[in-house]
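Examining the three-dimensional arrangement
This is what each chain is made of:
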2 protein chains.
Amino acid sequence: MSTQEPAGKQANSGRTNNRSTRNTSIDVAKLAGVSQATVSRAFNPSSKMSPETRRKVLDAAEALKYAPDAIARSLISNSTNIVAVIMQNPMNPFYAKALTKLSIQLRSFGKQILYFYLDDPDNLHEIINQVLQYRVDGVIITSVSLTSNLADICFDFGVPVVLFNRHTNSPQVQAVCCDNIQAGRDCADYFFMKGYRKFAFIGGYDKVSTSHDRKTGFLARLKERGIQNAKVYHSEFAYEAGQEAFRHLIKDMGTPPEAIFCASDLICAGVMDSARFEYHYRIPEDIAMIGFDDIQLASYASYNMTSFVQPMDEMIAKICELIMAPEKNNIQPNLTLFPCTLITRSTA
Amino acid sequence: MSTQEPAGKQANSGRTNNRSTRNTSIDVAKLAGVSQATVSRAFNPSSKMSPETRRKVLDAAEALKYAPDAIARSLISNSTNIVAVIMQNPMNPFYAKALTKLSIQLRSFGKQILYFYLDDPDNLHEIINQVLQYRVDGVIITSVSLTSNLADICFDFGVPVVLFNRHTNSPQVQAVCCDNIQAGRDCADYFFMKGYRKFAFIGGYDKVSTSHDRKTGFLARLKERGIQNAKVYHSEFAYEAGQEAFRHLIKDMGTPPEAIFCASDLICAGVMDSARFEYHYRIPEDIAMIGFDDIQLASYASYNMTSFVQPMDEMIAKICELIMAPEKNNIQPNLTLFPCTLITRSTA
């Protein structure tokens, strides 16, 4: 097992450290009175062992200033236990929550997250190139679509790719989404049940699959019910975009619709604030509204927003399953859909 | 340079890939008509070169399905170019923003983030153990204090540690904070200037240095101005905690204070909503309020909150400087403070 510490014998120039005199797992095993294999397993959170034994090993390791070298080990196992997560919208609370839950679940499998913020979709190519240098076990991409060219590159490197909250036509990429089309249909039905007959949809950019699918389901169901004149606005998934869209809507329509389906809670908060504070409409008496994602803000008393919630725990579990057992991916459909649930509060 | 691809010759069992027949940087250099050193530099975002040359190399690399092996390279350079980030409150928009900005700045130095969510402060020890297995260039810890024992462990491994938004007494740990004591004093002065004379402070847990320092500065300045009876409440940095604290305050005081300093915007939003919707007070006419961090919500029309903003860009730049040149840390003070600025909106 001495291959676990090849660089431990090198001086780490420019820093004060004692790597050059570092102890090995053999020393730790001796001190703890366990086998060397037990020492290895003690450092793997997904290995089952009694808390007492693990504590004994970790205490011995600490006394001897020993830590296994995951990097050297990865050269043997060809796995770094690193999963790359590429996020475009980390400031959206929905994705901050997803990152938190991904971290918890991946850690339970002994996997760590190499995190990449995608400031510009045009940089995805460059980031994928960087990701592939780290011998990652998989790539999870949130809120970004992937061209089939980039999907091919990952496939060629044997790295499974899972999209979260976006889907694509590439057969080599797995996607985990909620059933946005059905949620759009459910929204139309709910508004109808409440007696509304004049509608608008305010979404993110239409090329974004989540927004597109929510709109598609909403308009299709309205059409089935005989409504074909719903107004549609597209912009960013952001508060300010919601305000702006509502101003456009009032400018275009003169009077507002009876009910608005917003493709995200942030958009809905902007629409609500513009409607209430700039135009003095009452919600839901003058205009009813429904948002999407049930972020914390949706439950704040200032908004108390009716919103769709995605089953995030189940979705994250599915993503981890796809990353952990990529060989199964070929025999499954490449888009896994989860149902959304409407949380009714005071806005509709 | 063949040492860069030692595992490229191994089959990656259980996955479809072509690592076993993978091309090397020599092949890429030939195809692109550049030197091998240029190929290396093209994959390092911090290396200066013309966009045309970089594009030529990356296109050639892609055609040959080549990526440098950062893991194998790290065995030679003893640097993985990985910086660990350990976060306790990733759902707080302030930290989601910090992670985003850290990612941008570290990437400009060619560094990637290994992300750890700390679900429980008691797990910090275990996470530090995991971090050290990855040969990281540094550890950034946000919203968590570090015991000197854990600081010693990192020091022994030669890994620089920087705390963001917390400080500690350990001489081996650098901390980057805003001047929370001064902000507390500024808040007292601002409230006084506005004519308020009856105060409360609603903070996070008092053992958290940010909350403690904001309170300390606020109360000290009030005392200098002859006010010694300000009410103090402590709880979590969360919306619901703010609501709860306001209910306690009304139960204790009967009538509310004239002005409340909240240690975070999320607390302040909870206080505002409880005051307005549960007790029907007007803000700021009945009670003035000031929050902290200027998160996006503070500028939403429903809150329009007066709040302190931290100079995040400068703070993140300082953190990166401390991580990139850790040998300088010993000759600097181990706490770097940045001034906060009050953003005045409608709540005070």
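Not measured: the values here are computed from a predicted model.

**What to know about the overall build of chain A**
A count of helices and strands for chain A gives 13 helices and 12 strands. With the C-alpha coordinates of chain A rotated into their principal frame, the extents come out at 80 × 40 × 40 Å. Across the 348 residues that make up chain A, the buried fraction comes to 58%. Here the analysis covers contacts within chain A between residues at least 6 apart in sequence; of these, 69% occur between residues at least 24 apart. Just so you have it, chain A exposes about 13,300 Å², and 51% of that area is on carbon and sulfur atoms.

**Regarding the side chain of Lys215(A)**
For Lys215(A), the position within the fold is in helix H9 (residues 209-224). For Lys215(A), the residues in contact, after removing those within four places along its chain, are Phe201(A), Asp206(A), Val232(A) and His234(A).

**Digging into the domain arrangement of chain A**
We note that the domain assignment places domain 1 (25-68), domain 2 (80-178 + 313-338) and domain 3 (180-311) within chain A. A C-alpha centroid distance of 55 Å is found between domain 1 of chain A and domain 3 of chain A.

**Concerning the nonpolar core**
Considering soluble globular proteins, one finds that nonpolar side chains tend to be buried as a cluster. Within the largest apolar cluster, 148 residues are counted, with the highest numbers of intra-cluster contacts made by Phe191(A), Phe199(A), Ile260(A), Phe191(B), Phe199(B) and Ile260(B). Ile260(B) has contacts with Phe191(B), Ala200(B), Ile202(B), Phe246(B), Leu249(B), Val271(B), Ile287(B), Ala288(B), Met289(B) and Ile290(B), leaving out every residue within four places of it along the chain. Among the nonpolar cores identified, the runner-up in size contains 62 residues, and Ile71(A), Leu132(B), Tyr134(B) and Val161(B) belong to it.

**Overview of the relation of the copies chain A and chain B**
When chain A is fitted to chain B, the best match, at an RMSD of 0.0 Å, comes from turning it 180 degrees and sliding it 0.0 Å along the axis. Within this description, the copies of the chain are treated as partners about a two-fold rotation axis. Within chain A, the C-alpha atom positioned nearest to the axis of rotation is that of Leu114(A), 2.2 Å from it. When you check the interface residues of chain A against chain B, 99% turn up at the interface there too, and the contact is symmetric in its surfaces.

**Notes on the state of the cysteines**
Residues and elements named next belong to chain B. For the structure on display, the rule yields zero disulfides over all chains. Not part of a disulfide, Cys187 finds its nearest cysteine sulfur in Cys262, a span of 9.0 Å. Considering cysteine sulfurs only, Cys177 is the nearest to Cys320, which forms no disulfide, with 16 Å between them.

**Here we look at the interface of chain A and chain B**
Contact residues are listed per partner, giving 80 residues for chain A and 79 residues for chain B. Carbon and sulfur atoms supply 54% of the area buried between chain A and chain B, which totals about 7,300 Å² over both sides. In this assembly, chain A and chain B are joined by six salt bridges. With a shortest N-O distance of 3.9 Å, Arg107(A) and Asp119(B) are connected by a salt bridge. As judged from the three bridges shared by strand E2 (residues 112-117) of chain A and strand E2 (residues 112-117) of chain B, these two strands associate in the antiparallel manner. Looking across to E2(B), one finds that Ile113(A) is bridged to Tyr115(B).

**Some details on the packing of aromatic side chains**
Under the defined criterion, the tally for this structure stands at 36 aromatic pairs over all chains. Between Tyr95(B) and Phe164(B), the ring centres sit 6.4 Å apart and the planes meet at 85 degrees, which makes this aromatic pair edge-to-face. Of the two residues, Tyr95(B) sits in helix H5 (residues 93-108) while Phe164(B) sits in strand E4 (residues 161-164), which places them 69 residues apart along the sequence. For the ring pair Phe246(B) and Tyr281(B), a centre distance of 6.3 Å and an interplane angle of 80 degrees mean the geometry is edge-to-face. Placement of Phe246(B) in helix H10 (residues 239-253) and of Tyr281(B) in the loop between helix H11 (265-278) and strand E9 (288-292) is noted, with a sequence separation of 35 residues between them. Of the residues examined, Phe246(B) reaches a relative accessible area of 0% and is grouped as buried. Here the aromatic residues Phe191(A), Phe192(A), Tyr196(A), Phe199(A), Phe201(A), Phe218(A), Phe261(A), Phe292(A) and Phe308(A) are joined through ring pairs into a cluster of three or more. It is Arg214(A) that lies over the ring of Phe292(A); its NZ or CZ is 3.5 Å from the centre.

**Considering the confidence of the model for chain A**
Residues and elements named next belong to chain A. In the predicted model, chain A carries a mean pLDDT of 88, and the fraction of residues at 70 or more is 92%. In the predicted structure, residues 1-20 sits below a pLDDT of 50 and forms 49 contacts with residues beyond four places in sequence or in another chain. Scoring of the predicted complex yields 0.85 for pTM and 0.84 for ipTM.

**Some thoughts on the sheet that holds strand E3 (residues 138-142) of chain B**
The 12 strands lie next to each other as E11(A)-E5(A)-E4(A)-E3(A)-E1(A)-E2(A)-E2(B)-E1(B)-E3(B)-E4(B)-E5(B)-E11(B), forming an open sheet whose pairing is mixed. Strand pairing shows two members of the sheet lacking a second neighbour, strand E11 (335-338) of chain A together with strand E11 (335-338) of chain B, which therefore form its edges. When strand polarity is set aside, the average angle formed by the axes of neighbouring strands in this sheet is 25 degrees. Pairing of E4(B) with strand E5 (residues 174-178) of chain B, which is carried by three bridges, proceeds in the parallel orientation. Looking at the pairing, Val162(B) lines up with Gln174(B) of E5(B). Packed onto the sheet, helix H6 (residues 124-132) of chain A meets strand E1 (82-87), E2 and strand E3 (138-142) of chain A together with E2 of chain B and runs at close to 170 degrees relative to E1(A).

**A few points about the sheet that holds strand E7 (residues 231-234) of chain B**
All names here are of chain B. In space, the six strands of this open sheet follow the order E7-E6-E8-E9-E10-E12, with mixed pairing throughout. The sheet is open, and its two edges are formed by E7 and strand E12 (341-343), each paired on a single side. Shown here is a sheet whose adjacent strand axes are inclined to one another by a mean of 20 degrees, direction ignored. Note that strand E10 (residues 307-309) and E12 share three bridges and pair antiparallel. Within E12, the position partnered with Val309 by the bridge is Thr341. Lying on the sheet, helix H9 (residues 209-224) is in contact with strand E6 (199-203), E7, strand E8 (259-262) and E9; it crosses E6 at an angle near 170 degrees. The sheet strands contacting H10 are E6, E7 and E8, and the helix crosses E7 at an angle near 145 degrees.

**Digging into the packing of helix H6 (residues 124-132) of chain B against helix H7 (residues 148-156) of chain B**
Residue and element names in this part refer to chain B. Where H6 meets H7, the closest approach of the two axes is 11 Å, and the angle between their N-to-C directions is 5 degrees. Judged by the angle between their axes, H6 and H7 are roughly parallel. Across the interface between the two elements, Leu124, His125, Ile128 and Leu132 from H6 touch Asn149, Leu150, Ile153 and Cys154 from H7.

**Here we look at H7(B)**
Listed in full, the buried residues belonging to H7(B) are Leu150(B), Ala151(B), Ile153(B), Cys154(B) and Asp156(B). Each element contacted by the buried residues of H7(B) is listed here: helix H3 (51-63) of chain A together with H6 and E4 of chain B. In the stretch just after H7(B), Gly158(B) is the one whose phi turns positive, near 75 degrees.

**Points about unusual backbone geometry**
Leaving glycine aside, a negative phi is the common case for residues, and trans is the common case for peptide bonds. Cis rather than trans, the peptide bond between Ile283(A) and Pro284(A) has omega equal to 10 degrees. By the element assignment, Pro284(A) lies in the loop between helix H11 (265-278) and strand E9 (288-292). At Asp293(A), a residue that is not glycine, the phi angle is positive and equals roughly 115 degrees. The topology assignment puts Asp293(A) in the loop between E9 and helix H12 (296-299). For Asp293(A), a relative accessible area of 9% puts it in the buried group. Of note, the phi angle at Asn165(B) is positive, near 70 degrees, even though the residue is not glycine. Structurally, the position occupied by Asn165(B) is in the loop between E4 and E5.

So, how was this worked out
- Residues numbered from 1 in each chain as written.
- Chains lettered and ligands numbered in written order.
- Predicted model: local features only at pLDDT ≥ 70, side-chain atom pairs only at ≥ 80, totals over all residues.
- Heavy atoms only, no water.
- Helix = DSSP H or I, 4+ residues; strand = E, 2+ residues; numbered from the N terminus.
- Buried < 20%, exposed > 50% of the residue type's maximum accessible area, 1.4 Å probe, protein only.
- Contact = heavy atoms within 4.5 Å.
- Areas by Shrake-Rupley, 256 points an atom, 1.4 Å probe, with all protein chains shown as cover.
- Domains from an automatic or database assignment.
- Core = buried A, V, L, I, M, F, W, Y, C linked by side-chain atoms within 4.5 Å.
- Least-squares fit on C-alpha atoms with pLDDT ≥ 70 in both.
- Disulfide = S-S within 2.5 Å.
- Buried area = accessible area lost by both parts, 1.4 Å probe.
- Salt bridge = Lys/Arg side-chain N within 4 Å of Asp/Glu carboxyl O.
- Pairing = 2+ DSSP bridges.
- Phe/Tyr/Trp six-rings, centres within 6.5 Å; stacked < 30°, edge-to-face > 60°.
- Lys NZ or Arg CZ within 6 Å of the ring centre and 35° of its normal.
- pLDDT = per-residue confidence, 0-100.
- Axes fitted to C-alpha atoms, helices over the stretch in contact; angles between N-to-C directions.
- Parallel < 35°, antiparallel > 145°, perpendicular 65-115°, else oblique.

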